[in-house]
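# A closer look at the structure
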Amino acid sequence: MGSTNYIDTFIQVAEDCPVTTADQPPLGNGSPTIAALQFALIAEHPYEFTSDDVLFDVHATRRSLDAEERPAAREAFFARSQACLRASPLPKKYGWGIHHDAEGRVALVPVGSAQYQALAADPHVQQRRAMRSRRG
């Protein structure tokens, strides 16, 4: 089973992120967007879930999987390679850095904040950039 988890890592916003202050993603029309679901889960539970937990929970929620279906669905989900949170719209489009702690649990950090600057400058934290939205 593959994993998207990082340890002691800070995902900075993408170089081509269109915002200079963090924005909450819109809910979307009808069903919530992936960005809105990821934001709600991480913002309401900082440092409680790993990247794998967040990605699978959003997948399961969007597919309306029941609790008894989730263990087998999770195994099938991670049997295939999955994009990590570097590909999330949160750091690519909405201005949120994502900090993975020593146990791989994640929290959102708004770009431009003192916490963002401190994490981006911390030599003990591995630095990664979110993926760019456009080639170039």
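Thresholds, definitions, all that
Residues numbered from 1 in each chain as written. Predicted model: local features only at pLDDT ≥ 70, side-chain atom pairs only at ≥ 80, totals over all residues. Heavy atoms only, no water. Helix = DSSP H or I, 4+ residues; strand = E, 2+ residues; numbered from the N terminus. Rg over C-alpha atoms; globule rule 2.2 N^0.38 Å. Buried < 20%, exposed > 50% of the residue type's maximum accessible area, 1.4 Å probe, protein only. Contact = heavy atoms within 4.5 Å. Areas by Shrake-Rupley, 256 points an atom, 1.4 Å probe, with all protein chains shown as cover. Lys, Arg positive; Asp, Glu negative; His and termini not counted. Charge placed at Lys NZ, Arg CZ, Asp CG, Glu CD. Salt bridge = Lys/Arg side-chain N within 4 Å of Asp/Glu carboxyl O. Axes fitted to C-alpha atoms, helices over the stretch in contact; angles between N-to-C directions. Parallel < 35°, antiparallel > 145°, perpendicular 65-115°, else oblique. Left-handed = near helix turned anticlockwise from the far one by under 90°. Nonpolar A, V, L, I, M, F, W, Y, C, P; charged D, E, K, R; others polar. Core = buried A, V, L, I, M, F, W, Y, C linked by side-chain atoms within 4.5 Å. Pairing = 2+ DSSP bridges. Polar contact = N/O pair within 3.5 Å; in protein donor to acceptor, adjacent residues only side chain to side chain.

## What to know about the overall build of the chain
- A count of helical and extended segments in the chain gives five helices and four strands.
- If you list the helices and strands of the chain from N to C, you get β-α-α-α-α-β-β-α-β.
- Its C-alpha radius of gyration of 15 Å places the chain within 12% of the 14 Å reference for a compact globule of 136 residues.
- Expressed as a percentage of the 136 residues in the chain, the buried residues total 41%.
- Counting contacts in the chain only where the partners sit at least 6 residues apart, residues at least 24 apart contribute 73% of the total.
- If you sum the accessible surface of the chain, you get close to 7,500 Å²; carbon and sulfur atoms cover 51% of it.
- Taken together, the 14 basic and 16 acidic charged side chains of the chain have centroids lying 11 Å from each other.

## A closer look at the pattern of salt bridges
- If you walk through the whole model with that rule in mind, you get five salt bridges.
- A salt bridge links Glu-15 to Arg-132, with the shortest nitrogen-to-oxygen separation between them at 3.2 Å. On the criterion of sequence distance, the pair formed by Glu-15 in the loop between β1 (9-12) and α1 (34-44) and Arg-132 in the segment after β4 (126-129) is long-range, its members being 117 residues apart.
- Between Arg-105 and Asp-101 there is a salt bridge; the shortest N-O distance is 2.9 Å.
- On the accessibility criterion, Arg-105 (27% relative accessible area) is partly exposed.

## Description of the packing of helix α2 (residues 51-62) against helix α3 (residues 70-79)
- Orientation of α2 relative to α3, taken along the N-to-C sense of each, is 115 degrees, at an axis distance of 11 Å. For the element pair α2 / α3, the angle class is roughly perpendicular. Classified by chirality, the crossing of α3 by α2 is right-handed. Residues Asp-52, Asp-53, Leu-55, Phe-56, Asp-57, His-59, Ala-60 and Thr-61 of α2 touch α3, and the partners they reach there are Arg-70, Ala-73, Arg-74, Phe-77 and Phe-78.
- Tallied by class, the residues present in the contact of α2 with α3 amount to six nonpolar, two polar and five charged.

## Brief notes about the nonpolar core
- Ranked by internal contacts, the top residues of the largest apolar core, which has 24 residues, are Phe-56, Leu-90 and Leu-108.
- Only α1, α2, α3, β2 (96-100) and β3 (106-110) provide two or more residues apiece to this core.
- One finds Phe-10, Cys-17, Tyr-116 and Val-125 within the second-largest nonpolar core, a separate group that totals eight residues.

## Re the pairing of β1
- Burial along β1 is two-sided: the residues Thr-9 and Ile-11 and Phe-10 and Gln-12 are all buried.
- In terms of strand pairing, β1 meets β2 through three bridges, oriented antiparallel. Each residue of the ladder has a partner; that of Phe-10, found in β2, is His-99.
- Across four bridges, β1 lies against β4 in parallel orientation. The residue bridging Gln-12 from the neighbouring strand is Arg-129, located in β4.

## Points about the environment of Asp-101
- Examined against the element boundaries, Asp-101 turns out to sit in the loop between β2 and β3.
- The sequence separation of Asp-101 and Asp-8 amounts to 93 residues, and the corresponding C-alpha distance is 4.7 Å.
- If sequence neighbours within four positions are ignored, Asp-101 has contacts with Tyr-6, Ile-7, Asp-8 and Tyr-47.
- For Asp-101, the side chain forms a polar contact with the side chain of Arg-105, separated by 2.9 Å.

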